[in-house]
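# Summary of the model geometry
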Protein chains: 2
Amino acid sequence: MRPQKVDDQQLMAGLMAVLRAKGYDGASLNDLAEATGLKKASLYHRFPGGKKEIVEAVLNYVLDWIKQNISGILLSTDGKPQERLSKTLNNVRALYNDGDSICILRALTNDTGLPLFGLQIEESFQVWLEGFTQLGLDLGFNKSQSERMAREVLIKVQGSLILSKAMDDLTPFQQSLSDIEQIYKH
Amino acid sequence: MRPQKVDDQQLMAGLMAVLRAKGYDGASLNDLAEATGLKKASLYHRFPGGKKEIVEAVLNYVLDWIKQNISGILLSTDGKPQERLSKTLNNVRALYNDGDSICILRALTNDTGLPLFGLQIEESFQVWLEGFTQLGLDLGFNKSQSERMAREVLIKVQGSLILSKAMDDLTPFQQSLSDIEQIYKH
DNA sequence: GTCTATAGCTAGATAGAC
DNA sequence: GTCTATCTAGCTATAGAC
C-alpha cells in the first residue's frame with residue numbers, strides 16, 4: 001500500500017479545527033480537505049461514510065482526549081486532589097486555547113447535530129461530569145454536592161466560552177477557570 | 001398593493017425558530033420559507049439582501065426583545081428590585097422554553113456567524129449585561145461586584161442551556177435560574 | 001492511498017407572470 | 001406581494017487512473 005500522507009493524529013487535529021469553528025453544516029468537505037492537506041476523495045477513502053463518519057471519528061477522538069486529560073486525571077489517586085484539579089484546569093485551558101476556541105461539543109449541540117451525534121455528545125459530557133464529581137468526593141463533599149459542583153464546572157466553562165467569543169474578550173473564560181479552582185477550596 | 005400574507009411578527013417568529021435551531025449554515029431558505037408559510041421568492045421581496053439580511057432583521061428583533069423584556073425591566077424603577085428580577089427571570093424562562101430552546105445568539109457565535117453578525121450579537125449581550133449590572137447596583141452591590149454578577153448570570157444561562165440540551169435534561173437550566181435568584185439575595 | 005474528473009443534487013439568488 | 005420557473009455555484013458523493 002501507499003504510505004499515508006498525513007497520520008491519524010494530524011488528520012484529527014485538522015478535522016476538529018474546522019468542525020468546531022464552523023459546525024456540522026458550515027464545514028464543507030472542501031474545508032475539511034483543505035485543513036488536512038488531503039483531497040476530498042482521499043477523505044472518503046479514510047472515512048467511507050462521508051462527513052457523518054468523519055464527525056463520529058472526531059467525537060471519538062474528543063472522548064478519548066477527555067478521558068485522558070480530564071476524567072483520567074481526576075479519577076486517579078496521584079498527588080493531592082488540588083494538584084489534580086490544577087493539572088486538569090490547565091488541560092482545559094489548552095483545549096480551548098485560553099478561551100479563544102469554540103467547543104466542538106457545543107458546536108454540534110443543535111437540531112442538525114443532536115439527531116446524528118447526540119449520544120456521543122452526551123457521553124463526553126457525562127465522562128467530564130464523572131471526573132469532577134469524583135474530585136468533589138475526594139475533597140470531602142457529599143455526593144449530591146459533588147454532582148452539583150461538577151455541573152457548575154461545565155456550565156461555567158461552556159457559558160464563559162460563549163461570552164468570551166461574543167464579547168471578543170478572554171477574561172470571562174479565564175476568570176471562570178479561576179472561580180472553579182476557588183469553588184473546590186473549603 | 002397586495003396584502004401581506006403573514007405579518008412581521010409571525011414572520012420573525014418563524015425565521016427565528018429555524019435559525020436558532022439550525023444555525024446560519026444549517027438554515028436553508030427553503031427551511032425559512034416553509035417555517036413562515038411564504039415561498040423563497042417572497043422572502044427575497046421582504047429581505048432583498050437574502051439570508052444575511054434575514055438574520056440581521058431577526059437579530060434586531062431579538063435586541064428589541066431583550067430591551068423590552070430584560071434590560072427595560074431591570075433599568076426601570078417599578079416595584080422592588082427583587083420583583084424586577086423575578087419578572088425578568090420569568091421572561092428568560094419563556095424565551096428559552098424552560099431550557100428546551102437554543103439561544104440564537106449562541107447559534108450564531110461561530111466562525112461563520114461572527115464575521116457577519118458579531119457586532120449585533122455583542123450589542124445584545126451588552127444590553128443584557130447592563131440590565132443585570134443595574135440590578136446589582138440597585139441591591140447595594142458596588143460597581144465591580146455588579147458587573148461580575150451580571151457576567152455570571154449570562155454564563156449560567158448560556159452554559160446551562162448547553163448542558164440541558166446535551167444531556168436532554170432541563171434541570172440544569174431550571175436550577176441555574178433559581179441559583180441566579182439566590183445570588184442577588186444578600 | 002491519493003489523486004483528477006465528474007455525476008447528481010441542493011443551495012442561494014433572480015426573472016417575470018399575476 | 002406572492003408566486004412558478006430557472007440560473008449558477010457549491011455541495012456530497014462516486015468512478016476510475018496511478
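For the structure, check the block above.
Quick summary incoming for the structure in this document. Along each chain, the written sequence defines residue order, and numbers are assigned to residues from 1. Each chain gets a letter, beginning with A, and each ligand a number, beginning with 1, in the order they are written. For this predicted model, a pLDDT threshold of at least 70 governs which residues receive local features, and a threshold of 80 or more governs which side-chain atom pairs are given and counted, while totals over whole chains, interfaces and linings are taken from all residues. Values reported for side chains reflect all heavy atoms of the structure, with hydrogen atoms and water molecules removed beforehand.

As a measure of interface size, the accessible area lost when the parts come together is often cited. The criterion used for residue contact is that any of the two residues' heavy atoms lie within 4.5 Å. Contacts between chain B and chain A engage 34 residues on the former and 34 residues on the latter. Once two parts are brought into contact, the accessible area they lose, counted with a 1.4 Å probe and summed over both, makes up the buried area. In total, about 3000 Å² of surface goes out of reach between chain B and chain A, with carbon and sulfur atoms giving 66% of it. For this analysis, a salt bridge means a side-chain nitrogen from Lys or Arg found within 4 Å of a carboxyl oxygen belonging to Asp or Glu. At the junction of chain B and chain A, the tally comes to 4 salt bridges. Pairs of N or O atoms within 3.5 Å make up the polar contacts considered here, provided that, within protein, one atom can donate a hydrogen while the other can accept it, and that residues adjacent in sequence are counted only when both atoms are side-chain atoms. Run the count over chain B and chain A and you get 8 residue pairs in polar contact (both at pLDDT 80 or more).

Another aspect to go through is the nonpolar core. Nine residue types can take part in a nonpolar core, namely buried Ala, Val, Leu, Ile, Met, Phe, Trp, Tyr and Cys, and a core is a set of them joined through side-chain atoms within 4.5 Å. For the exposure calls, accessible area comes from a 1.4 Å probe over protein chains only, and a residue counts as buried if that area is under 20% of its type's maximum, exposed if over 50%, partly exposed in between. Trp128(A), Phe132(A), Trp128(B) and Phe132(B) are the most contacted members of the largest nonpolar core, which totals 120 residues. When near neighbours in sequence (up to four residues on either side) are disregarded, Trp128(A) contacts Ile66(A), Ile70(A), Val92(A), Leu95(A), Tyr96(A), Val153(A), Leu154(A) and Val157(A).

Here we come to the pattern of salt bridges. Opposite charge on two side chains permits them to pair, given that their charged atoms come into close proximity. One pass over the full model with this rule turns up 16 salt bridges over all chains. Measuring nitrogen to oxygen at the nearest pair gives 3.0 Å for the salt bridge that ties Lys52(A) to Glu56(A). Highlighted residues: Lys52(A) and Glu56(A), both in helix 4 (residues 51-75), separated by 4 residues, approximately one helical turn. When the shortest N-O distance is used, the salt bridge between Asp179(A) and Arg148(B) registers 2.9 Å. Of the two residues, Asp179(A) sits in helix 9 (residues 171-183) while Arg148(B) sits in helix 8 (residues 143-167), which places them in two different chains. According to the relative accessible area criterion, Asp179(A) is buried, its value standing at 11%. For helices the rule is a DSSP run of H or I covering at least 4 residues; for strands it is a run of E covering at least 2, with both sets numbered from the N terminus onward.

What follows concerns the relation of the copies chain B and chain A. Note that the two copies of the chain are related through a rotation about an axis and a translation along the same axis. Overlaying chain B with chain A gives an RMSD of 0.0 Å, the required rotation being 180° about an axis along which the chain moves by 0.0 Å. In the structure described here, the two chain copies are related by an operation that fits a two-fold rotation axis. Looking at the rotation axis and the C-alpha trace of chain B, the residue lying nearest is Gly159(B), at 1.8 Å. In this assembly, 100% of the residues forming the interface of chain B have copies in chain A that are likewise at the interface, indicating an isologous arrangement. Superposing copies: least-squares fit, C-alpha atoms only, residues required to have pLDDT of at least 70 in both.

A separate point is the protein's contact with DNA strand D. The environment of DNA strand D is made up of 21 residues, and the closest members are Leu29(A), Lys40(A), Lys5(B), Ser42(B) and His45(B). Within 4 Å of the protein, atoms of DNA strand D come from sugar and phosphate in 60% of cases. A distance of 2.7 Å is found between a phosphate oxygen of DNA strand D and a backbone nitrogen or oxygen belonging to Leu29(A). Separating a phosphate oxygen of DNA strand D from a side-chain N or O atom of Asn30(A) is a distance of 3.1 Å. Within the residue set of the surface near DNA strand D, elements represented by two or more residues are helix 2 (29-36) and helix 3 (40-46) of chain A together with helix 3 (40-46) of chain B. Broken down by element, the surface near DNA strand D gets its largest block of residues, 4 residues, from helix 3 of chain B. Under the convention adopted here, Pro, Cys and the residues Ala, Val, Leu, Ile, Met, Phe, Trp and Tyr are nonpolar, Asp, Glu, Lys and Arg are charged, and Gly plus all remaining residues are polar. Taken together, the residues of the surface near DNA strand D break down into 8 nonpolar, 6 polar and 7 charged. When we say a residue is near a molecule or strand, we mean one of its heavy atoms is within 4 Å of it.

Bringing a negative patch on the surface into the picture now. Residues form patches when they are more than 30% accessible in relative terms and have no salt bridge. Like charges link within 9 Å. Nonpolar side chains (Val, Leu, Ile, Met, Phe, Trp, Tyr) link within 5 Å. Shrake-Rupley sampling with a 1.4 Å probe provides the accessible areas, and residues are treated as covered by the protein chains on show and by no other component. His is not counted, nor are the chain ends, whereas Lys and Arg count as positive and Asp and Glu as negative. Here the site of a charge means NZ on Lys, CZ on Arg, CG on Asp, or CD on Glu. On the surface, Asp168(A), Asp169(A), Glu122(B), Glu123(B) and Glu130(B) cluster together into a negatively charged patch. With respect to the helices and strands, Glu130(B) occurs in helix 7 (residues 114-138). Taking relative accessible area as the criterion, Glu130(B) reaches 40% and is therefore assigned partly exposed.

All names here are of chain B. Its place among the elements puts Leu161 in helix 8. Accessibility expressed as a relative area gives 2% for Leu161, which makes it buried. Separated by 15 residues in the primary sequence, Leu161 and Ser176 place their C-alpha atoms 9.3 Å from one another. Not counting residues up to four positions away in its chain, the partners in contact with Leu161 are Tyr96, Gly99, Ser101, Cys103, Arg106 and Phe173.

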